[in-house]
Every structure is written in C-alpha cells, then in structure tokens.
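Structural characterization, general
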Amino acid sequence: MSWFKREDNEIVNDAERTVRTEGLWVRCPGCRQVIFKADLESNLYVCSKCGHHFRIGARERIESLLEPGYELVDLDLRSTDPLEFTDLKLYKSRLAAAQKKTGLNDAIVNAIGSLGEQPVIISAMEYSFIGGSMGSVVGETIARAIDRSLETRHPLIIISASGGARMMEGIASLMQLAKISAGLARLEDAKVPYISVMTDPTTGGVTASFAMLGDLNIAEPGALIGFAGPRVIEQTIRQKLPEGFQRSEFLLEHGFLDAIVGRKEMKQYLSQALSWMTAASS
C-alpha cells in the first residue's frame, strides 16, 4: 500500500495524520473506555465513566487544592550518592534521569498557601521520581514542612504516593521513618492538625510511618495501600488474598482509614475537616 492517499485532489500523508492525533486519547484501565485527554484533564484525571483515579503528579495535586498565589518551597535539596550504589544502573544515573523527566530535584514538593480560607502547608510526593521512593531528601523536605507548621501553627497535609524507602541510600533512607515520625509527635503535642492523604500507591516505609500517623487518615478511591505488596504476601503465606485486599475500600471496611474521598471532592472535604479541627484545637 502506498504511504500516501489522494483526497479531493490533495495528497495526504498517513504518517502526518497519525502524529496529529497521537496522545489525544487515553484508555481507562478501569473500564477500558477511550477518553479524550482534554476531558480527562478537566475532570482532574478521573474517568467520568467508572470513576477510576489516574495517577497524577505532585504539582498537579497542589494546584488542585491550593488557591492561586501559593508558593513552592524547599526545592533546592538534592540527593547525593553516599553508598556509591549501583545495580543495573548507577544511582547517580537514575537520579539524573528522574530529574530530567520530572523537572524536580527529588520525589517531593512542599508548598505554602491557602486551602479555601485556611492557610496550610502541603508536602506532595511525586511517584514519577524513582517510584516516589523516600530517601534523605524526601525525609528532610517533609521535616522542614513539619518545622514550618510548628512555627506558623498552620495545619500540615502530606499527600503520599510512594513505593517505600529508597534502597539506594540504605540506612540513610530508613532513618527518615523515625525522623519524620518524631517530628509529627511534636506537631501532635503542639495541637497542630495533620491530615494524611494516601493515593495510589502508598506502600513500604511510607505506610509504616507518616502515612498512617495523621489526625485524619484519608485515601482516594481504589488506592493500593500497604507495607508489603499483595504478591509478596501471597508468596509468603501461600494463600490467596481476599478480593480487593489492600485497596482503600478494604482498609476503610477494616478500620485502617477514616474516610475515602474522591479527587473532585477532596478540596471541599479537607477545607471542612480543617475548619473543624482548627476550631477544636484552639
């Protein structure tokens, strides 16, 4: 077959036609429907057919929650390679590739702004950066957000999206669990509200520490939340897990979550929750 077609006395290049439409449509993994990407974006990356919540980046989450004029802070921190770690690739190469891909120095973004009329501090994790893994920079960035909340007495919101601790940094990564948990204990003593928002996925050391330490622990629909993954658990106990195991609906039913909130309702829900929490703590 020829690479061109003649239509109305004009030559049309099929390759050009493909390029023009590439990336305009997305298939939903939940219902398999094909969705116009612009419609998906306008719906906060939630499928209008089945309600499937697509993964989105840290900056998109912050933009969806805070009023215009918010400030991104603590973006200058960079991971080093204290162990000179290498597996299939050098850790330094992985960092460089992730930084180029996301435009971020690491898997976390801090922001100062207002959610409705309530001033807040937000730490949002970026899953596209080495699986949202928590290394020393992520730990330090969240610790700075906690310190800022203590200083200003503004509520803290941490939005988790992570595969867990970053193995390439060894014990320096694992110590962040205790570091952040200790900071959150000081926040609790000061009666400053902290809300944990868990998104797909929230696993490993993040779940084992700050993700489950909120005064209010909420999650998006269908989010995978747990310590070890379901396949690892099945291989360990040699039993088939229940349907929906480790999904947010299963965890809510078994008392591990306080609420499941859709992305489109998240801002209003957080605003109402913070209004009540700040009034109760004053």
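Structure: see above.
Just so it is clear, the model here is predicted, and its values are computed rather than measured.

Our focus in this paragraph is the nonpolar core. Counting 32 residues, the largest nonpolar core has I142, L156, L184 and F210 as the members making the most contacts within it. When residues of this core are traced back to their parent elements, those giving at least two are α4 (91–102), β7 (118–125), α5 (136–152), β8 (156–162), α6 (171–189), β9 (194–203) and α9 (248–253). For F210, the contacting residues outside a window of four places in its chain are M125, M134, I142, I158, S160, I180, L184, Y194 and S196.

Running from N to C, α5 and α6 point in directions that differ by 10°, and their axes come no closer than 9 Å. When the axes of α5 and α6 are compared, the pair comes out roughly parallel. Residue-level contacts link S136, G139, E140, I142, A143, I146, D147, S149 and L150 of α5 to A172, Q176, K179, I180, G183, L184, R186 and L187 of α6. Split by residue class, the contact of α5 with α6 holds eight nonpolar, five polar and four charged.

Moving on to unusual backbone geometry. The linkage connecting D200 with the following residue, P201, adopts the cis geometry, with an omega of -10°. You can see P201 is positioned in strand β9. In this structure, D74 takes a positive phi of about 60° despite not being glycine. Relative to the helices and strands, D74 is located in the loop between β5 (71–73) and α4. Under the relative-accessibility criterion, D74 is labelled buried at 15%. Located in the positive-phi region is Q246, a residue other than glycine, with phi close to 75°. Tracing the backbone shows Q246 in the loop between α8 (230–237) and α9.

About the thresholds
Residues numbered from 1 in each chain as written. Predicted model: local features only at pLDDT ≥ 70, side-chain atom pairs only at ≥ 80, totals over all residues. Heavy atoms only, no water. Core = buried A, V, L, I, M, F, W, Y, C linked by side-chain atoms within 4.5 Å. Buried < 20%, exposed > 50% of the residue type's maximum accessible area, 1.4 Å probe, protein only. Helix = DSSP H or I, 4+ residues; strand = E, 2+ residues; numbered from the N terminus. Contact = heavy atoms within 4.5 Å. Axes fitted to C-alpha atoms, helices over the stretch in contact; angles between N-to-C directions. Parallel < 35°, antiparallel > 145°, perpendicular 65-115°, else oblique. Nonpolar A, V, L, I, M, F, W, Y, C, P; charged D, E, K, R; others polar.

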